[in-house]
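Listed here are the chains, written in short residue letters.
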Amino acid sequence: MKYNEISHFSHPQHKLKFEYSEIPFNCDGCKEVGIGSRYKCATCDFDLHMHCAIPTPSIFHPFYTKCSFQFLSRPPGDSPRFCNACEKDITGFVYHCKSCGFDLHPCCAKLPMVLDDGEVKLYLYRKVSSSCHRCGRQGRSWSYRSKCKEYNLHVACVKEMLVETWHEFLGSHGNKSNSNRKLEMTRIPSLKNTLQNHHRRSKGKVKKCCEMAGLAVQFVISAVLGDPTTLIAGVIGNFMSRA
Ligand SMILES: [Zn+2]
Ligand SMILES: [Zn+2]
Ligand SMILES: [Zn+2]
Ligand SMILES: [Zn+2]
Ligand SMILES: [Zn+2]
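For the chain, an unreviewed UniProt entry supplies the name Phorbol-ester/DAG-type domain-containing protein and the organism Pyrus ussuriensis x Pyrus communis.

**Description of the packing of aromatic side chains**
Here the structure, examined in full by the defined rule, presents eight aromatic pairs. In this arrangement the basic side chain of arginine 145 is found over the ring face of tyrosine 125, its NZ or CZ atom lying 5.2 Å from the centre.

**Re the coordination of the zinc ion (ligand 5)**
Binding of the zinc ion (ligand 5) to the protein goes through Cys132 (SG), Cys135 (SG), His154 (ND1) and Cys157 (SG), at separations of 2.1 to 2.3 Å. In terms of primary sequence, the donors binding the zinc ion (ligand 5) are separated according to C-x2-C-x18-H-x2-C. When its relative accessible area of 5% is taken as the criterion, cysteine 132 is described as buried.

**A word on the pattern of salt bridges**
Note on pairing: side chains with opposite charge can pair once their charged atoms come close. Evaluation of the coordinates by the stated rule reveals eight salt bridges. Across the pair arginine 38 and glutamate 19 runs a salt bridge, and its minimum N-O distance is 2.7 Å. In this pair, arginine 38 sits in strand β3 (residues 33–41) while glutamate 19 sits in strand β2 (residues 16–26), placing the two residues 19 residues apart along the sequence. On the accessibility criterion, glutamate 19 (30% relative accessible area) is partly exposed.

**Some details on the coordination of the zinc ion (ligand 2)**
The coordination sphere of the zinc ion (ligand 2) contains the protein donors His11 (NE2), His14 (ND1), Cys41 (SG) and Cys44 (SG), at a distance range of 2.0 to 2.3 Å. In this structure, the zinc ion (ligand 2) is surrounded by four donor atoms whose angles at the metal cover 98 to 115 degrees, and the resulting shape is tetrahedral. Mapping the donors of the zinc ion (ligand 2) onto the primary sequence gives the spacing H-x2-H-x26-C-x2-C. We classify histidine 11 as buried; its relative accessible area is 5%. The exposure class assigned to histidine 14 is partly exposed, which follows from its relative accessible area of 30%.

**Concerning the sheet that holds strand β9 (residues 114–116)**
Taking strand neighbours across the sheet as the criterion, the four strands line up as β9-β10-β11-β12 in an open arrangement whose pairing is antiparallel. Two strands lie at the open edges of the sheet, namely β9 and β12 (152–154), each paired on one side alone. Adjacent strand axes in the sheet meet at a mean angle of 20 degrees when their direction is disregarded. Examined bridge by bridge, β9 and strand β10 (residues 121–125) share three bridges and lie antiparallel to one another. Within β10, the position partnered with valine 114 by the bridge is tyrosine 123.

**Describing the side chain of histidine 8**
Its place among the elements puts histidine 8 in the loop between β1 (5–6) and β2. For histidine 8, a relative accessible area of 5% gives the class buried.

**As for the sheet that holds strand β6 (residues 64–72)**
In space, the four strands of this open sheet follow the order β5-β6-β7-β8, with antiparallel pairing throughout. Here the strands that pair on one side only, and so sit at the sheet edges, are β5 (58–61) and β8 (103–104). With two bridges connecting them, strand β7 (residues 94–97) and β8 associate as antiparallel partners. The partner of histidine 96 across the bridge, within β8, is aspartate 103.

**As for the pairing of strand β11 (residues 143–146)**
With burial as the criterion, each face of β11 is covered, one bearing Ser143 and Arg145 and the other bearing Tyr144 and Ser146. Here three bridges tie β11 to β12, and the two strands are oriented antiparallel to one another. Among the inter-strand pairings, serine 143 is bridged to a residue of β12, identified as histidine 154. Turn length for the β11-β12 hairpin, with the two strands adjacent in sequence and antiparallel, is five residues, and the turn residue lysine 149 shows positive phi of about 70 degrees.

Parameters and conventions
Residues numbered from 1 in each chain as written. Chains lettered and ligands numbered in written order. Predicted model: local features only at pLDDT ≥ 70, side-chain atom pairs only at ≥ 80, totals over all residues. Heavy atoms only, no water. Phe/Tyr/Trp six-rings, centres within 6.5 Å; stacked < 30°, edge-to-face > 60°. Lys NZ or Arg CZ within 6 Å of the ring centre and 35° of its normal. Donors = N, O, S within 2.8 Å, 3.2 Å for Na, K, Ca; no water. Buried < 20%, exposed > 50% of the residue type's maximum accessible area, 1.4 Å probe, protein only. Salt bridge = Lys/Arg side-chain N within 4 Å of Asp/Glu carboxyl O. Helix = DSSP H or I, 4+ residues; strand = E, 2+ residues; numbered from the N terminus. Tetrahedral: all angles 85-135°; square planar, octahedral: opposite > 155°, others 65-115°. Pairing = 2+ DSSP bridges. Axes fitted to C-alpha atoms, helices over the stretch in contact; angles between N-to-C directions.

Here you go:
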């Protein structure tokens, strides 16, 4: 559900407008990075993820069947809290289960159980026993896994890549208007096209689904950033593949 303009309790002085951004932004609600759909106050440079702008008062999650998560504008108590999905600190908006003390970032709570590009399917798991494509470790945070079960990627590892990339990206693209132009120029057409080309090249042979899943990493990244429909711009994508 999208509205063009909303009022939000965290920014009562102005209305927030719906906008689509291919440039990453910092969400002023959950304090995490975002991309794609956002609600913005142009006057104050105040941004919210869609999930943070239009939260659900309470949610259930399939991984924690006994839990009821309440939306809170700040983490409860004084001790540091971390997200059960991505292991990162929680410093802003959060879904919290009072009886177990579990916490989820709003965007982590709303991560799709299946990322489906029509050709590649990645499934969200609470724990996988095989090692992560990036860090080589098992267990740890939630993971996306390919159907063949050979490709695994921790949600935590995607977030770590993002933090590194974000700093590097800001370092090399200090000027905002400049970076806008550069991003537009190097923007990849779409993940879908990438995959289709991949298919065409390997005609006659059935590509292993884990190899294809490797190409879908950008898909996971945009989901973690709060909007799985976003196609990550080329510049950022390149940083990612180097990471
Ligand atoms: Zn947010
Ligand atoms: Zn404002
Ligand atoms: Zn609980
Ligand atoms: Zn999280
Ligand atoms: Zn990992």
